[in-house]
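Understanding the architecture of this molecule
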Amino acid sequence: MYSETGSQWNVAELEDAAHRHLISPAEELAKLGTSGGRTLFTSADGIYITDSRGRRMIDGPAGMWCTQVGYNCKPIADAIAAQALRICYNSPWYSLNGPSAGLARRIAEFAPGDLNHVFFTTGGSSAVDSALRFMQFFNNVLGRPSKKTIICRIDGYHGSTHLTAACSGRAGNRPNFDLEMDNVTFISAPNRYRHPQGGDEAAFLEFLVAEFEERIESLGPQNIGAFLAEPVLASGGVIVPPKGYHRRFLEICRKHDILYISDEVVTGFGRCGEWFASEPAFDIVPDIITFAKGVTSGYVPLGGFVISDAVLGRISGENAKGSAYTNGYTYSGHPVSCAAALANIEVIEQGGLLAHVREVAPYFQEQLRKLGEIPLVGDVRGIGLLGCVECATDPHSQAATDFDKAVAARIDRLCYENGLIVRPIGSMCVLSPALIIKKEEIDTMISILRESIEKVQAEIR
Ligand code: PLP
């Protein structure tokens, strides 16, 4: 299957093997075993990715919102190789390794407030799952076993374990998976565009706050353990909540002793120009922040959560009552992943990438918003290096039409021919490029997207 050197793919054979044997994480079963479908990528550098036909494209979504420092970053690759040779694994149950201790310290240094203790997992789903299981454990140790309900949002996405999938409110991910759970409840997405119940931004915020308070009241605060929220709903279509939303929700959580879990799997590690978006972008110090993706720039899998001393202190030390938080991942704090993360953080720091994002992101947002001139574009939104162009044949409709639901994939195909990958989500084209992107590259990306949307626009006239 490989060439003699092991470095060149035999493309035809690999594609055949994939079609015959590989199940993807979003497998359309009707097409299983057929050759139509996924692109094989063979190399990548910086913000670019090259497919097996030799076409080099700007990777608009940076993998899946994760390749922060870009592809082919030697310091990270070297750190991975060096750690794999030094000591590739140790049992986190019985021993320590340097990279995980060093990384926990680094994350505690830049996490907001008193979020000072880190639990490592293997990715975003396991990070959120672990944070939620911590909440259950926490309330059991505190002797209030009923305080377990999780309040989530429609269109939120938190992962693919049973519990995190149950907490994910995107309708398309739920059928046939038995995800209804008594202790998970959904409130509205803070999306003014598709759900404009509340008039202007301030009125919409009041609508959302009232809904949250009513839900707490109707279920009883003594039964609610956590509010789980992405700062910006990413997979739900880059939904940026109204100003002041997170602060108001945090205050309500504090009033009822509900843990505020901020899922920063996408927004963490520079995407909004800071290590975490909770603070300063959204001006909150949550109880727990979950992270993954950008922590290693996608070079190797890693995730985790960082938790406040205030919360942890309530069930540790003399308050522990003999309890042990056994959440036993074999690969918790994996030395190779943590070494990659430390190198990634160093690359972000040495390259001044947070400041770079703060500089180029307003330009990215401004250019993206110009696409709103195209009649097919219903809404353009985003923050930092997260952007979304939502198409709507009827811009005043609250529901996407069947045409709308397929339009982003059509736009993505046109973009691909011209050198750009877009993440199509129904009617939405999402962009979240690597943090190293330059203004000229933003121009190229947006002009390819413009041309493709205009082409589709012309076809439907
Ligand atoms: N949380 C959020 C906000 C995500 O966007 C994702 C994945 O996209 C996850 C959790 C799950 O992460 P993973 O796919 O690494 O398990």
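Residues numbered from 1 in each chain as written. Predicted model: local features only at pLDDT ≥ 70, side-chain atom pairs only at ≥ 80, totals over all residues.

The heading Sequence similarities (unreviewed entry) in the UniProt record of the protein chain holds the text "Belongs to the class-III pyridoxal-phosphate-dependent aminotransferase family." Listed under Cofactor (unreviewed entry) in UniProt, the entry text for the protein chain is "pyridoxal 5'-phosphate". (UniProt positions renumbered as here; feature names shortened; annotations may be inferred.)

Regarding the sheet that holds strand S10 (residues 303-308)
Taken together, the seven strands give an open sheet; going across it, the order is S4-S10-S9-S8-S7-S5-S6, and neighbouring strands pair in mixed fashion. The two strands at the open ends of the sheet, each matched to only one other strand, are strand S4 (115-121) and strand S6 (184-187). Averaged over all pairs of adjacent strands, the angle between strand axes in this sheet comes to 20°, irrespective of strand direction. Note: strand S5 (residues 149-153) against S6, four bridges, orientation parallel. Residue pairing in the sheet places Ile151 in a bridge with Thr185 of S6. Its contacts with the sheet place helix H5 (residues 124-141) against S4, S5, strand S7 (224-229), strand S8 (259-263), strand S9 (288-291) and S10, and it is angled at close to 35° to S10. (Pairing = 2+ DSSP bridges. Helix = DSSP H or I, 4+ residues; strand = E, 2+ residues; numbered from the N terminus. Axes fitted to C-alpha atoms, helices over the stretch in contact; angles between N-to-C directions. Contact = placed C-beta atoms within 7 Å.)

With respect to the packing of helix H12 (residues 402-417) against helix H13 (residues 439-460)
Taken N-terminus to C-terminus, the directions of H12 and H13 make an angle of 125°; their axes are 9 Å apart at the nearest point. Classified by the angle between their axes, H12 and H13 sit oblique to one another. Crossing angle aside, the handedness with which H12 passes H13 is right-handed. Listed contacts from H13 to Val407, Arg410, Ile411, Leu414 and Cys415 of H12 are Ile448, Leu449, Ser452, Ile453, Lys455 and Val456. (Parallel < 35°, antiparallel > 145°, perpendicular 65-115°, else oblique. Left-handed = near helix turned anticlockwise from the far one by under 90°.)

Thoughts on H12
Side chains that are three or four residues apart share a direction in an α-helix, a result of its 3.6 residues per turn. Across its 16 residues, H12 extends 24 Å between first and last C-alpha, which sits within 8% of the 22 Å expected from 1.5 Å per residue. Bending of H12 peaks at approximately 30° at the position of Ala408. When we look at burial in H12, the residues that qualify are Asp404, Val407, Ala408, Ile411, Asp412 and Cys415. In the core, the buried residues of H12 are packed alongside strand S12 (386-391), strand S13 (420-421), strand S14 (423-425), strand S15 (428-431) and H13. (Expected span 1.5 Å × (residues − 1). Bend = angle between axes of the 7 residues up to and from the residue. Buried ≥ 20, exposed ≤ 12 C-beta atoms within 10 Å, placed from the backbone.)

What about the site of the ligand?
Neighbouring residues of the ligand: 17 residues in total, closest Gly123, Gly124, Ser125, Gly159 and Val265. With three residues, H5 is the largest single contributor of residues to the shell around the ligand. Of the residues contributing to the shell around the ligand, the split by class is seven nonpolar, eight polar and two charged. (Near = placed C-beta within 6 Å. Nonpolar A, V, L, I, M, F, W, Y, C, P; charged D, E, K, R; others polar.)

Observations regarding the sheet that holds S15
What the four strands build is an open sheet, ordered S11-S12-S15-S14; its pairing is antiparallel. Strands at the two margins of the open sheet, each flanked by one partner only, are strand S11 (377-383) and S14. Strand-to-strand twist across the sheet, computed as the mean angle between neighbouring axes with direction ignored, equals 20°. Of the pairings in the sheet, the one linking S14 to S15 comprises three bridges and is antiparallel in character.

Some thoughts on unusual backbone geometry
Here the amide bond leading from Glu279 into Pro280 is cis, since omega sits at 10°, within 30 degrees of zero. The topology assignment puts Pro280 in the loop between S8 and S9. Phi at Asn176 takes a positive value of approximately 70°, unusual for a residue other than glycine. Positionally, Asn176 belongs in the loop between helix H6 (162-166) and S6.

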